[in-house]
Structures are given as structure tokens and as C-alpha cells.
Amino acid sequence: MGAGKTTIARSLGLPNAETDANVPIDLFGDGEAAFRAREVEVVRAILERTEPVVVDLGGGAVTTPEVRALLEEHATVVWLDVDVDVAWQRVEGTGRPLAQSYDDFKRLYEERRPVYAEVADVVARDASDVVLAAAGIHVERGALQRLGELVPGHGAVALVSDARVAGIHGMDAQLALGSRVAETHELPPGEEAKTLATLDRLWQDLRLDRSGTIVALGGGCTTDAAGFGAAAYLRGITWVPVPTSLVAQVDAAIGGKTAIDLPQGKNLVGAFHWPAGTVIDPALLETLPEPQRLEGMAEVVKTGLLADEPFWELPDDELVRRCAACKAEICLRDPLERGERAILNLGHTFAHALEAAAGYEGVTHGRAVALGLLAALRLSGRDTRVVEEVLRPRPARVDRERAWQAMQRDKKVRDGELRLVLLGANGPEHGVALPEADVRRELDRLIA
Ligand SMILES: NC(=O)c1ccc[n+]([C@@H]2O[C@H](COP(=O)([O-])OP(=O)(O)OC[C@H]3O[C@@H](n4cnc5c(N)ncnc54)[C@H](O)[C@@H]3O)[C@@H](O)[C@H]2O)c1
Ligand SMILES: [Zn+2]
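Residues numbered from 1 in each chain as written. Chains lettered and ligands numbered in written order. Predicted model: local features only at pLDDT ≥ 70, side-chain atom pairs only at ≥ 80, totals over all residues. Heavy atoms only, no water.

Colleague: What should I look at first to understand the overall build of the chain in this one?
Modeller: From N to C terminus, the chain includes 19 helices and 14 strands. Whereas a compact globule of 448 residues would reach a radius of gyration of roughly 22 Å, the chain reaches 24 Å, a difference of no more than 12%. With the C-alpha coordinates of the chain rotated into their principal frame, the extents come out at 75 × 55 × 40 Å. Buried residues in the chain amount to 51% of all 448 residues. Long-range contacts, defined as pairs at least 24 residues apart, comprise 72% of the intrachain contacts of the chain with a sequence gap of at least 6. When the accessible surface of the chain is summed, it comes to about 20900 Å², and 50% of that surface belongs to carbon and sulfur atoms. Placing the 50 positive and 69 negative side-chain charges of the chain at their respective mean positions leaves the two points 5 Å apart. (Helix = DSSP H or I, 4+ residues; strand = E, 2+ residues; numbered from the N terminus. Rg over C-alpha atoms; globule rule 2.2 N^0.38 Å. Buried < 20%, exposed > 50% of the residue type's maximum accessible area, 1.4 Å probe, protein only. Contact = heavy atoms within 4.5 Å. Areas by Shrake-Rupley, 256 points an atom, 1.4 Å probe, with all protein chains shown as cover. Lys, Arg positive; Asp, Glu negative; His and termini not counted. Charge placed at Lys NZ, Arg CZ, Asp CG, Glu CD.)

This is the structure in C-alpha cells:
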């Protein structure tokens, strides 16, 4: 009580159910046993539903063995661990039956702690931790060394990594996974991993059966390619990304989208294939070259603008945790990209046009996104200083007409009108149509 369960459960914007609210509180008059018995039935009815739901469990529910058994079978249990004094401050004077005296409250708190510790799958401090738990994402410095425990299941593992990352972190990953590693595969670094030829080789080399797991260690190219490999191999086997670049930790490895490229364009063949778990170790970023870091910072600034929080100012571990949670939250609400998830394309319509105009050479995605964010902010009537200071984008040297044509192609894909993501007064908006002249003017400003 007073941990903030209800506030967080509601703020996630995911379907949620409150067990407290369904059990009339005056049942306490009939004694706690009657209350708990009714609570078990409410919890059972909710947990036995098939669709995912966030359940805001009353603080005493886990004292009942039946509830504990139901949780064990049906739920990921997140313990919101707050200090007793913080919790007391929140409930003092609210008239709740178990919040009458500080001493009783504290005694109850001490009594229940061991029970919470026992049932919890994850201990959370804030809403981001809860989202990460719900999405199966584990963010922890040093997580690579604990990969053996963190990769779900006990079956055989095929470790798929980018040849360059394999040379730096592959041995640690293998040591941590121990005898579970049945096979290792190396993909070429960079976009070459995301080709049909690479996937063809991977599929032919794989020996795993349906109970196996692909662990993808590398940047976004590796996680995209290995994820798609897992999605199609034997009609889909489980996979666990272990992202090693900033792009992959805050973006590519989150949300279940996997893809490879075709000569006609990037990411044209792929699948939604949500991983069984995601293991993020921010310490791996220490070996990441500076240009690659800047690539990731473009997505960090994008995510911070969407969340309206300066994530780019945070130290690495926190930056990764908050950004990963922000993306995961949006993806959990819209797993198949039918709506809201489109906001993750902030700045990207411009970025894709610049990348295409450069023939995918000379203008990196991160630099193009930085420029695209400038345009999106200007069209939103917002200040662009953050992008300029953090990302220092230089105008792209590409052909203006080619860039505009690329944007027109984007438009054809979405029923004839150019749709943009902008930042409105009440947060991000997608599907915004603007006069072509305004869009073209802003595109031109990004080009040297
Ligand atoms: N699926 C999605 O939702 C999604 C989202 C964003 C981006 N992406 C994809 O991600 C890809 C880009 O990812 P990326 O920028 O990580 O590229 P990448 O995978 O090519 O990695 C960049 C480079 O950094 C190296 N590297 C990675 N981690 C390292 C480490 N810890 N130490 C040293 N070197 C390291 C790699 O070997 C590579 O040379 C693109 O193909 C993009 O389409 C996918
Ligand atoms: Zn991007």
C-alpha cells in the first residue's frame, strides 16, 4: 500500500485491472478471511484471461497461498519496492483500514517484505522498470556475465554474432552460457548481415530443433537479421537479443520487429517476432567507437523528444534504461504497428529521403535522423537547440530533387498523402498532413 501500484498501472496505458477496487473494502467488517477468499476469486478471474493485462494486486493478496499459486502459473510478478516512510506519507490520513497507525503500518510492511521477495520475478523502482519487466527486457551493467541465467529456458542455444563483436565480447558470452551453447555463427558486420545470402547460409547451418534458442549478440544489423532468422526457421523459434550498440540497446532490439534488406530498399522483408527475453548490458557500450555512439544518440534524442524528457543528459546506464523502457511501452501498446507506434518515426520521413538520395552511402542513418529531427521540430514550431547541441548535424550533400522524389515515394506508400509525425501541444501526433510547400521548404533546408 502506497507503493504507487495503481498510479503506475494506469500510466502504462495498457489494459489493466485492479483487484482492490473489485473487492468491496467493507468486507473487512466480516473479517479478513472472507475478504481474502473473495480476493482469490477476483484474481483468478483476471489471471485466467488469455489476453495480456496489467494487474494491480492488493498489497496483502500474496499472503494467500492460492493467489501465490495463480501468480506462479500465470504472471510475471513485479515488486514495487519503496521505502516504508515514503509509502506511509502517501497513505497517511487516507482513511484506509490498514493505514491507521504508523507502527501497525510499519509492522505489516516488515512482515510482508519476505513474502514479496519470494513471489517477485522482478524488483522495480519506477514505471520504467515495470515496463521493462512487462516486455521481458533486462537492463543491468554486467548482464553479459550472467547470460546463462538471463536467457530463458534450458534448451540448446545457437549464438549468432557479428564477426567484429564476436572478437570483443563473444568469449564472455560463450563462457556465461556455458554448455548451453550448441553452435556459434558469425554474420558479417553491418548491413551485409541483413541480406538473403547471409540468412540462407545461417538457415542452412543451423542445427537447433524447435526447443532451441537463437541468442543474437551484436548491433542492430545482427539483431534484425538473427531475429528474422529465428522468426522463419522451423516456422519460428525463440530468440533473445543481446544488443551491443547504442542503436540496438535503445531501439533496434526493442519491440519485436525484425528484417532484412532487398536491393529495392531497406527492411523490406521481415516479421514481427517478439523475443523470449532481451538482455541489455550498458557496459558493452564502452568498446563502441565514437561514430557509432553518435548514431545511437540520434535515436536517444528522438526518444527524449517523444517522452519530453532530456534522456540525452543521463549517464549511460540510466539513458539506456529509460530509452529502452520508453520504446518498449509504445510497442507494448501497439505491438503490430497499427497506430501509435508510428510516432517512433519522428524525423524519419525526412531521414529516409536523405538516405535514399545519398544512395545509402555518405549519409548515415543517425546523421539523417538528426537532420530529420530538425525539420520535424521546425514544422512543430519547436526550438531546435537540443538537436543542434547534442547531435551537431551538418547539412547533407545530396541532390534536392532526388530527395524530394524519395519523399514522394514514401507518400505513395501511405494512400497518396504525405504524413508526418510532429510534436503537438499534447504530445506526439502521427499522420499529420501539411502543405507540400512547407514540407519541401524544410527538406531543402537540410541539404547543403
Ligand atoms: N528492428 C528495429 O526496430 C530497428 C530499429 C532501429 C534500427 N534498426 C536497424 O539497426 C541497424 C543499425 O544498427 P547499428 O547501428 O547497431 O549497426 P550495426 O549492427 O552495423 O553495428 C554498428 C557497428 O558497430 C559494431 N559494434 C556493435 N557493438 C559494438 C561494441 N559493443 N563494441 C564495438 N563495436 C561494436 C558493429 O560490429 C558494427 O560494425 C539498421 O539496419 C537498422 O535498420 C532496426
Ligand atoms: Zn531510426
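Colleague: Please explain the packing of aromatic side chains as it appears in this structure.
Modeller: Describing an aromatic ring pair means giving the distance of the ring centres and the angle of the ring planes. Under the defined criterion, the tally for this structure stands at 4 aromatic pairs. An angle of 75° between the planes, with centres 5.7 Å apart, marks the rings of Trp88 and Tyr102 as edge-to-face. Here the residue Trp88 occupies a position in helix α5 (residues 84–91), and Tyr102 occupies one in helix α6 (residues 102–119), the gap between them amounting to 14 residues. For Tyr102, a relative accessible area of 27% translates into the label partly exposed. Between Trp88 and Phe105, the aromatic rings sit 5.2 Å apart at their centres with planes inclined by 55°, giving tilted as the arrangement. Taken together, the residues Trp88 in helix α5 and Phe105 in helix α6 connect sequence positions 17 residues apart. Both residues of the pair, Trp88 and Phe105, belong to the buried class. Here a set of aromatic residues connected by ring pairs shows up, and it is made of Trp88, Tyr102 and Phe105. (Phe/Tyr/Trp six-rings, centres within 6.5 Å; stacked < 30°, edge-to-face > 60°.)

Colleague: Would you mind going over helix α15 (residues 348–357) with me for this structure?
Modeller: Counting buried positions along α15 yields 9 of 10 residues, so the element is predominantly enclosed. Of the residues trailing α15, Gly359 is marked for its positive phi of about 65°.

Colleague: In this structure, what is going on with the sheet that holds strand β6 (residues 157–162)? I would like to understand it.
Modeller: The strands that make up a sheet are held in pairs by hydrogen bonds between backbone atoms, and each pair lies either parallel or antiparallel. Pairing is parallel across the open sheet formed by 4 strands, whose spatial order is β7-β6-β8-β9. A strand with exactly one partner marks an edge of an open sheet, and here the two such strands are β7 (181–187) and β9 (238–243). Adjacent strand axes in the sheet meet at a mean angle of 20°, parallel and antiparallel pairs treated alike. Helix α11 (residues 220–232) contacts β6, β7, β8 (213–218) and β9 of the sheet and is inclined by roughly 165° relative to β8. (Pairing = 2+ DSSP bridges. Axes fitted to C-alpha atoms, helices over the stretch in contact; angles between N-to-C directions.)

Colleague: Explain unusual backbone geometry to me, please; I cannot follow it from the model alone.
Modeller: The phi angle of most residues is negative, glycine excepted, and most peptide bonds adopt the trans form. The backbone of Asn267 sits at a positive phi, close to 55°, despite the residue not being glycine. With respect to the element layout, Asn267 can be found in strand β11 (residues 265–272). Take Asn267: its relative accessible area is 40%, and that puts it in the partly exposed class. One non-glycine residue, Tyr360, lies in the positive phi region at around 60°.

Colleague: How should the layout of surface pockets be read in this particular structure?
Modeller: To find leftover empty space, one rolls a probe the size of a water molecule over the atoms. In this structure, the second largest pocket encloses a volume near 1300 Å³. Val54, Val55, Thr76, Val77 and Val78 are, among the 44 residues lining the second largest pocket, the residues nearest its centre. When contributions to the lining of the second largest pocket are tallied by element, the ones reaching two or more residues are α1 (5–11), β2 (54–56), α4 (65–74), β3 (78–80), α6, α7 (127–135) and α14 (316–333). Residues of the lining of the second largest pocket, tallied by class, amount to 32 nonpolar, 4 polar and 8 charged. (1 Å grid on protein atoms, 1.4 Å probe; cavity = no way out; pocket = protein on both sides within 12 Å on 5 of 7 lines; lining within 4 Å. Points joined across faces, edges and corners; volume = space filled by probe spheres on them. Nonpolar A, V, L, I, M, F, W, Y, C, P; charged D, E, K, R; others polar.)

Colleague: Teacher, can you tell me more about the site of ligand 1 here?
Modeller: Residues in close proximity to ligand 1 total 26 residues, the closest being Asp162, Glu191, Thr244, Ser245 and Thr287. Here an oxygen atom of ligand 1 and a side-chain polar atom of Arg164 are 3.3 Å apart. For ligand 1, whose free accessible area comes to 860 Å², the fraction covered by protein is 89%. Counting only elements with at least two residues in the shell around ligand 1, the list comes to α9 (163–177), α11, α12 (246–252) and β11. A class-by-class count of the residues in the shell around ligand 1 yields 8 nonpolar, 9 polar and 9 charged. (Near = heavy atom within 4 Å. Polar contact = N/O pair within 3.5 Å; in protein donor to acceptor, adjacent residues only side chain to side chain.)

Colleague: Could you clarify how one ought to interpret the coordination of the zinc ion (ligand 2) in this entry?
Modeller: Four donors placed tetrahedrally about a metal ideally form angles of 109.5 degrees, and six donors placed octahedrally ideally form angles of 90 or 180 degrees. With distances of 2.1 Å, the protein atoms coordinating the zinc ion (ligand 2) are Glu299 (OE), His348 (NE2) and His365 (NE2). We classify His348 as buried; its relative accessible area is 6%. (Donors = N, O, S within 2.8 Å, 3.2 Å for Na, K, Ca; no water.)

Colleague: Just checking my understanding: could you explain the pattern of salt bridges for this structure?
Modeller: Pairing between side chains of opposite charge can happen when the charged atoms of each approach one another. The tally for this structure, following the rule as stated, stands at 35 salt bridges. Measuring nitrogen to oxygen at the nearest pair gives 3.9 Å for the salt bridge that ties Arg440 to Asp444. Within this pair, Arg440 and its partner Asp444 are both found in helix α19 (residues 436–445), separated by 4 residues, close to a single helical turn. Look at Arg440 and you get partly exposed, because its relative accessible area is 25%. Put simply, Arg125, Asp126, Asp129, Glu318 and Arg321 are held in one network by salt bridges that share partners. (Salt bridge = Lys/Arg side-chain N within 4 Å of Asp/Glu carboxyl O.)

Colleague: What is the right way to look at the side chain of Thr222 in this model?
Modeller: Looking at the element boundaries, Thr222 is found in helix α11. Here Thr222 falls in the buried class, since its relative accessible area comes to 1%.

Colleague: Help me understand the nonpolar core, please; the structure alone is not making it clear to me.
Modeller: The tendency in soluble globular proteins is for nonpolar side chains to be buried side by side. Counting 83 residues, the largest nonpolar core has Leu246, Val300, Phe350 and Leu354 as the members making the most contacts within it. Setting aside anything within four residues of it in sequence, one finds Val300 in contact with Leu246, Val250, Phe311, Trp312, Leu319 and Cys323. (Core = buried A, V, L, I, M, F, W, Y, C linked by side-chain atoms within 4.5 Å.)

Colleague: I would appreciate a short explanation of empty space enclosed by the protein in the present structure.
Modeller: The full count for this structure, using the stated rule, is 1 cavity of 30 Å³ or more. Surrounding the largest cavity, Asn345, Leu346, Gly347, His348, Thr349, Phe350, Ala376, Leu420 and Val421 form its lining. Those elements that provide at least two residues to the lining of the largest cavity are α15 and β13 (419–424). Ranked by residues supplied to the lining of the largest cavity, first place goes to α15 with 3 residues. A class-by-class count of the residues in the lining of the largest cavity yields 5 nonpolar, 4 polar and no charged.

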